Amino acid sequence: MAGIYSGLVFGRPWLVVAAVAVVVAGFAWFAQGFRLDASADSLLLEDDPDLAYFRAVQNRYGMREIVYVAYIPDGELFTPEELGKLERLRQELLAIARVQSIDSILNVPVFGDTPLTGVSENYQTLLDGDIDLAAAREEVLANPIYRDALVSPDGTAAGLQINLAIDETARGLVSRRGELRQQRINGELDAAAAAELREVEAAWAEYSLIANARQSELIAEIRASLDRHRDGATIHLSGAPMIADDLMTFVRGDLSSFSLAVLALIIVALGLIFRKLRFIAIPLLCCAAAGTIMVGILGLMDWRVTVVSSNFLSLLLIITISLTVHLTVRYRELRATRRHSRRGKLLRHAVLSMFRPCLYTALTTIVAFGSLIVSGILPIITFGWMMMMGVATALLVVFALFPAIMSILPADRGRLSRDLRLNLTSALARLTDRLGGWVFVVYALILAVGVTGLTRLRVENSFIDYFRESTEIRQGMSLIDEQLGGTLSFDAIVTLPQAETAFADDFDDGFGFGGAEEATDAYWFTAPRMNQVKAMHEFLDADPYTGKVLSLGSVVQLAERLNGNEPVDGLLWAVLYNAFPAALRDVVLNPFVRVADNELRFNVRVRESAPDLNRNELLRRIETGLEEQFGLAPEQVRLTGLLVMYNNVLQSLFQSQILTLGVVMLAIMAMFLVLFRSLPIALLCIIPNAIAAALVLGIMGWLDIPLDIMTITIAAVSVGIGVDNTIHYMHRFRREFPRLGNYRVTMHFCHDSIGRAMYFTSMTIVAGFSILILSNFIPTGIFGLLTSLAMLVALTGSLTLLPQLLATFKPLGPETA
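Residues numbered from 1 in each chain as written. Predicted model: local features only at pLDDT ≥ 70, side-chain atom pairs only at ≥ 80, totals over all residues. Heavy atoms only, no water.

## Things to note about the overall build of the protein
Defined as follows: Put simply, DSSP marks the helices as runs of H or I at least four residues long and the strands as runs of E at least two long, and each gets a number from the N terminus on. Three exposure classes are used, based on accessible area relative to the maximum for each residue type with a 1.4 Å probe and protein chains only: buried under 20%, partly exposed in between, and exposed over 50%. Between two residues, a contact is recorded if the distance between any of their heavy atoms is within 4.5 Å. Counted charges follow a simple rule, with Lys and Arg positive, Asp and Glu negative, and His plus the chain ends left uncounted. A charge is said to be at NZ when it belongs to Lys, at CZ for Arg, at CG for Asp and at CD for Glu.
When you go through the protein residue by residue, the secondary structure sums to 28 helices and nine strands. For the protein, the C-alpha atoms occupy an extent of roughly 110 × 60 × 50 Å along the three principal directions. Every one of the 817 residues in the protein was classed for burial, and the buried ones make up 57%. Restricting to contacts in the protein with at least 6 residues of sequence separation, those with at least 24 account for 80%. Here the protein carries 67 positive and 81 negative side-chain charges, and the mean point of each set is 24 Å from the other.

In structure tokens form, the structure reads like this:
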């Protein structure tokens, strides 16, 4: 195989370059199928039973996607002029195609002095010309349904709740796909159903592109409408659809704005290191070829890039640059020390001697990223496959293009110094020599810092913390959180115990309650039951981290207020049920109660901006509180909603990635055993990598950077990057030790040879990725920071701890003269 390879890349380099160009061109064609996926569905556990329940609840209650607008006029809100401006904005938004309805203070009932028994369809609104706005203001601010949702408690901000039309096609496809997948999980999927599942998944894959594009256009239309009304008012937009769209907008923006900056810094770094145009151009050509092939593969496979995998191209760039720099440094090292050898022989020797360690690093990096496949979360699994294929692609491209292009280019006549020492790597060798056993003490302290930080690491997913305080989305989410009840929410579904509806059958149609079914529904609203509903509502509302709570309990509070702050008895509830305006019933009753199922829905918004919010603890506290305080069985209380789904994802990731990090280390140690065929060497090599991973995660804990859907992959990234340096150093050390016969001498030699390549690679990557820290999208900045940190920690560990371990335990045998 080596002979065939050498015959091609060194004997027919033009053919190799042409073949790679054809492959790149072919995959460039498929790159047009490359897609970004901003849907919430892409971040959820595919086989999560809570996901199926969430979609069932969505269908049962006719739940829609909602976008929130906060409108703060420069003047007094409750004046004809400002209300008129708000109404013009509302009408413009209603004219947008997919906007179904808008709830605001403008179209809700203002009851005035109307007693509870006088509630009917004939009610006033703030737009009526003869309404007393001062009195209406007091009523609206005191209304438990409107306050903290449609108007801020101080009356300075109005909220517009934009209810989006349900995409029946999308909901139908997702629902059917979920049913068929559940059959597959239960082992009930026959051949016909399996074929239907493939058809439904293909149909959804195609339709989701249309749905995502339509959603993005809708958000853009809403923003354009808001922009036309900003004169004289401060307006902010928020809501789950907007957050999902903005996440991908920020990712796209970072890809476009920072790609050139990263590229420029890498070019500068390569120029400063090698000072030759060819050694700048070849790495960049390799990166372009590997990147194009991978983007084409993603388009061909219809693997969509989500916010989780948006950094895969950056990581592919790291791996490709690393491989080319190692080849370049090895070639230049041979040129400097063997000046009388032919150029072709030096190039062949450099490439063939580096193939084995580069293959080893590629395989172990693939193992590190392969750990992501067991996560059970489709975007994480896809990211794992992307990186595994990307590493293999980078290896093939670099070992095809680098020697072929170098063979084509004219010989470099420049002279290189025989002195290969580099101040920093040589200094690290001298420092390691001087410290001796104290190196272990230093790294024991570093490990202690890392482990202590690990204990502080928390699993949390706060979308508001993804954006800097200066960004419009952060300001909007904060304002809506503080004044309009919060943005993201979850639902508490409570099944009440069955109770007899006393004297429900004693009334027929003649009493005025309609048919028998309607009479039964009316008498479901008994006084004890309503008191229980109110108590549950107040329990949820009392939690310091919950925002606006909407439920039947809000109606109970409003009814008591209209009843002179007196309790409402069962008979009056029955009368009210039938007298309740149909328009209001569809807004405040039907979305929160299903009489036939004896079921209540409490929609609970969460104050995302609370600094010490722990979503998992909040959800557990509410679930157990409802059960214990109201005597409900566990099966009678169930939480659902996107916030619950994201929490499930995080808890699953924590278990599958962080708690199994030791298993990943064992797998890599097994790789070391296969590669070096020595248990002592494998054990020594795993130690710097384990410490590096612990330190990176520990620093996250100390800096209070939570593990979330964006940062959960950093463990695999840290291990994958660290392993490369360890393997390169160990391979060279093992190769040179028999010739030099002394561990300390071999250390100094390796620091001045392979250590230079490791240093150049790390510094090039750090120089390029440190610019990401300036991104307005905080996960991108964190990725740049942690990646740079992982590179530095891995480099330092491989150049200090690893050689000290080798010198102390002598796994290659005793020293010789």
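## Structural notes on a positive patch on the surface
For clarity, the threshold we go by: A patch consists of residues exposed above 30% relative accessible area that lack any salt bridge, with like charges linked at up to 9 Å and nonpolar side chains (Val, Leu, Ile, Met, Phe, Trp, Tyr) linked at up to 5 Å. Areas reported as accessible are Shrake-Rupley estimates using a 1.4 Å probe. Residue values count occlusion only from the protein chains shown. Any Lys or Arg side-chain nitrogen located within 4 Å of an Asp or Glu carboxyl oxygen qualifies as a salt bridge.
On the surface, Arg338, Arg342, Lys345, Arg348 and Arg735 cluster together to form a positively charged patch. If you trace the backbone, Arg735 turns up in helix H25 (residues 714–740). Taking relative accessible area as the criterion, Arg735 reaches 36% and is therefore assigned partly exposed.

## What about the confidence of the model for the protein?
Cut-off, in case you're wondering: pLDDT is a per-residue confidence score from the predictor, ranging from 0 to 100.
Residue-level pLDDT values for the protein average 83, and 91% of them are 70 or greater. The lowest-confidence element of the protein is helix H16 (residues 516–522), averaging 57 in pLDDT; the highest-confidence one is helix H2 (residues 13–30), averaging 93.

## Some remarks on the nonpolar core
Across soluble globular proteins, nonpolar side chains show a tendency to be buried alongside one another. Selection criterion: Only buried residues count toward a nonpolar core. Its members are Ala, Val, Leu, Ile, Met, Phe, Trp, Tyr and Cys residues joined through side-chain atoms within 4.5 Å.
Ile105, Leu552 and Leu626 are the most contacted members of the largest nonpolar core, which has 240 residues in total. Beyond its immediate stretch of four places on either side in the chain, Leu552 contacts Trp524, Phe525, Met530, Val533, Leu589, Phe592, Val593 and Leu600. Counting 10 residues, the second largest nonpolar core, distinct from the first, contains Ala193, Val200, Trp204 and Ala211.

## A short note on helix H10 (residues 312–337)
Note the threshold: Multiplying 1.5 Å by the helix residue count minus one yields the expected span of that helix.
End to end, H10 covers 38 Å across 26 residues, agreeing with the expected 38 Å (1.5 Å per residue, within 8%). Burial runs high along H10: 23 of the 26 residues are buried.

## Quick notes on the side chain of Asn647
Mapped onto the elements of the fold, Asn647 is located in helix H22 (residues 642–658). The contact partners of Asn647, leaving out residues within four places of it in the chain, are Arg615, Asn616, Leu619 and Arg620.

## A word on the packing of aromatic side chains
Under the convention used in this document: Pairing of aromatic rings covers Phe, Tyr and Trp, the last counted by its six-membered ring, and requires centre-to-centre distances within 6.5 Å; plane angles under 30 degrees mean stacked, over 60 mean edge-to-face, and any other angle means tilted. Throughout this description, the term charge over a ring refers to an Arg CZ or Lys NZ atom that lies within 6 Å of the ring centre and within 35 degrees of the ring normal.
Counted according to the given criterion, the structure contains 14 aromatic pairs. Seen from their ring centres, Phe369 and Phe383 are 6.3 Å apart, and the 85 degrees between their planes marks the pair as edge-to-face. Taken as a pair, Phe369 in helix H11 (residues 343–370) and Phe383 in helix H12 (residues 378–408) lie far apart in primary sequence, 14 residues in all. The two residues Phe369 and Phe383 agree in class, both being buried. A centroid spacing of 6.1 Å and a plane angle of 35 degrees characterise the contact between Phe672 and Phe676, whose relative ring orientation is tilted. Here Phe672 and its partner Phe676 are both found in helix H23 (residues 661–676), four residues apart, which amounts to about one turn of the helix. Accessibility expressed as a relative area gives 0% for Phe672, which makes it buried. Cluster of aromatic residues (ring-pair linked, three or more members): Phe274, Phe279, Tyr759 and Phe760. In this structure, Arg601 packs its charged tip against the face of Tyr61, placed 5.9 Å from the ring centre. Here Arg739 stacks its cationic end above the ring of Phe749, 5.0 Å away from the centre of that ring.

## Description of the state of the cysteines
The criterion, for reference: For this text, the term disulfide refers to a pair of cysteine sulfurs within 2.5 Å.
On inspection of all chains with the given rule, the structure shows zero disulfides. Not engaged in a disulfide, the cysteine Cys685 finds its nearest cysteine sulfur in Cys750; these two sulfurs lie 12 Å apart. Exposure remark for Cys685: the relative accessible area of 0% places this residue in the buried category.

## Examining unusual backbone geometry
At Arg677, a position not held by glycine, the phi torsion is positive, near 55 degrees. Take Arg677: its relative accessible area is 75%, and that puts it in the exposed class. Here the phi dihedral of Lys810 falls at roughly 50 degrees; this positive angle occurs in a residue that is not glycine. By the element assignment, Lys810 lies in the segment after helix H28 (778–809). Given the relative accessible area of 36%, Lys810 is considered partly exposed.

## Here we look at the pairing of strand S4 (residues 233–238)
Remember that side chains alternate between the two faces of the sheet whenever the strand is regular. As a reminder, the rule being used: One bridge is not enough; two strands pair if DSSP finds at least two bridges between them.
Burial analysis of S4 places five of its six residues in the buried class, which makes it a mostly covered element. Relative to S4, strand S1 (residues 66–73) is paired through six bridges, and the arrangement is antiparallel. Across the sheet, the residue bridging to Val69 is Leu237, located in S4.

## Quick word on the pattern of salt bridges
Two side chains bearing opposite charge may form a pair once their charged atoms approach each other closely. The final tally for this structure, using the stated rule, is 25 salt bridges. In this structure, Arg474 engages Asp465 in a salt bridge whose closest nitrogen and oxygen atoms are separated by 3.8 Å. Asp597 is paired through a salt bridge with Arg594; the nearest N and O atoms lie 2.8 Å apart. Using a relative accessible area of 35% as the deciding quantity, one classes Asp597 as partly exposed.

## Some words on the sheet that holds strand S2 (residues 99–103)
Going by this rule: Note on geometry: axes are lines fitted to C-alpha atoms, helical ones only across the stretch in contact, with angles between N-to-C directions running from 0 to 180 degrees.
Taken together, the four strands give an open sheet; going across it, the order is S2-S3-S1-S4, and neighbouring strands pair in antiparallel fashion. The open sheet has two free edges, formed respectively by S2 and S4, since each of these has just one partner strand. Here the strands of the sheet are splayed against their neighbours by 20 degrees on average, with no regard to which way each runs. Note: S2 against strand S3 (residues 158–164), four bridges, orientation antiparallel. Bridge pairing links Ser101 to Asn163 in S3.

## Let's talk about the side chain of Ser753
Put simply, the test is: Any N or O atom pair separated by 3.5 Å or less is treated as a polar contact, with the protein-specific requirement of one donor-capable and one acceptor-capable atom, and with residues adjacent in sequence counted only for side-chain atom pairs.
When you line up the elements, Ser753 lands in the loop between helix H26 (743–751) and helix H27 (754–769). A polar side-chain atom of Ser753 sits 2.9 Å from the main-chain carbonyl oxygen of Phe749.

## Observations concerning the packing of H10 against H25
Condition: For this classification, under 35 degrees means roughly parallel, over 145 means roughly antiparallel, 65 to 115 means roughly perpendicular, and everything else is oblique. Note: crossing handedness is left-handed where the near helix turns anticlockwise from the far helix by less than a right angle, and right-handed where it turns clockwise. Each residue receives one of three labels: charged for Asp, Glu, Lys and Arg, nonpolar for Ala, Val, Leu, Ile, Met, Phe, Trp, Tyr, Cys and Pro, and polar for the others, Gly being one of them.
In contact at an axis separation of 11 Å, H10 and H25 are set at 15 degrees when each is read in the N-to-C sense. Considering the angle they form, H10 stands roughly parallel to H25. Here H10 runs over H25; the crossing is right-handed. Facing Leu315, His326, Arg330 and Glu333 of H10, the residues of H25 in contact are Val717, His728, Arg732 and Arg735. In terms of residue class, the contact of H10 with H25 is made up of two nonpolar, two polar and four charged.

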